[in-house]
Amino acid sequence: NKAKIIEYLTVGLPLKKIDRQVDLPLSFAQKRLWFLQQLDTNNIFYNVPLIVWLEGAVNVAALEKALNIIIERHEILRTAFPIKNDKPVAFINEVMKIDFNVINLIIFIFLFLKQLMIQILNVIILDHLILIVPILQDLFLYFYLNHLLP
């Protein structure tokens, strides 16, 4: 008897592939999430959006491939909960692929820095140039903006 228990614990039960053509019932945790979403459709309860700042060279193709492998490996990341016969069911997409949209933020950083420099120049320089003729003031500002900023 002990040998059978040890064999069962070490070998375990064989995994059986579930037929994807039938409506799959939700687990208790999935039902809870679905219920909370129905209570407040604008709330994202268990979704935690975040921004990751990557420094240095990033191989975007490799990162995209790695995330798609994770999605391929874990069904829960491909699962949706449509309503059938007034009940939610689990629908597992066989294939799901994400495509990265890369946004180069450098131009936004330069625009932000340019606006910041304009504000700093307005406070520091223009306050000290009150006595100078307005045309000279504009030329001075023009020089700073065009020669100090890209």
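Parameters and conventions
Residues numbered from 1 in each chain as written. Predicted model: local features only at pLDDT ≥ 70, side-chain atom pairs only at ≥ 80, totals over all residues. Heavy atoms only, no water. Helix = DSSP H or I, 4+ residues; strand = E, 2+ residues; numbered from the N terminus. Buried < 20%, exposed > 50% of the residue type's maximum accessible area, 1.4 Å probe, protein only. Contact = heavy atoms within 4.5 Å. Expected span 1.5 Å × (residues − 1). Arc of directions from axis to C-beta. Polar contact = N/O pair within 3.5 Å; in protein donor to acceptor, adjacent residues only side chain to side chain. Salt bridge = Lys/Arg side-chain N within 4 Å of Asp/Glu carboxyl O.

K.L.:
Which residues make up the overall build of the chain, and what values do they have?
P.N.:
Along its length, the chain carries 5 helices and 4 strands. Tracing the chain from N to C terminus, the helices and strands come up as α-α-α-β-β-β-β-α-α. Buried positions account for 13% of the 150 residues belonging to the chain. Taking contacts inside the chain between residues at least 6 apart in sequence as the whole, the part at least 24 apart equals 50%.

K.L.:
With reference to specific residues and values, describe helix α3 (residues 60–73).
P.N.:
With 14 residues, α3 should cover 20 Å at 1.5 Å per step; its first-to-last C-alpha distance of 20 Å lies within 8% of that length. Taken together, the buried positions of α3 are occupied by E64, N68 and I71. Angularly, the buried residues of α3 cover 55 degrees about the axis, an arc narrow enough to put them on a single face. The exposed residues of α3 that point more than 90 degrees off its buried face are K65 and R73.

K.L.:
For the side chain of N68, give the residues involved together with the corresponding values.
P.N.:
You can see N68 is positioned in helix α3. Residue N68 is classed as buried on the basis of its relative accessible area of 11%. Only 2.8 Å separates the side chain of N68 from the backbone nitrogen of I98, close enough to count as a polar contact.

K.L.:
Would you mind going over the side chain of T79 in detail, with residue names and values included?
P.N.:
Relative to the elements of secondary structure, T79 occurs in strand β1 (residues 79–80). Here E75 takes part through its backbone oxygen, which lies 2.8 Å from a polar atom of the side chain of T79. Not counting the four nearest positions on each side in its chain, T79 is found in contact with Q30, A90, F91 and I92.

K.L.:
How would you sum up the environment of I69? Please name residues and give values.
P.N.:
On the secondary structure map, I69 appears in helix α3. Classification of I69 by relative accessible area gives partly exposed; the value is 36%. Separated by 28 residues in sequence, I69 and K97 have C-alpha atoms that sit 9.0 Å apart.

K.L.:
Pulling in residues and values, what's your account of the pattern of salt bridges?
P.N.:
For the coordinates displayed, the defined rule picks out 3 salt bridges. The salt bridge involving K97 is made with E64; its shortest N-O contact spans 3.6 Å. Taken together, the positions of K97 in the loop between β4 (91–92) and α4 (106–128) and E64 in helix α3 put the pair 33 residues apart, joining distant regions of the chain. Among the residues examined, K97 registers a relative accessible area of 55% and is labelled exposed. E64 sits in the buried class, given a relative accessible area of 16%.

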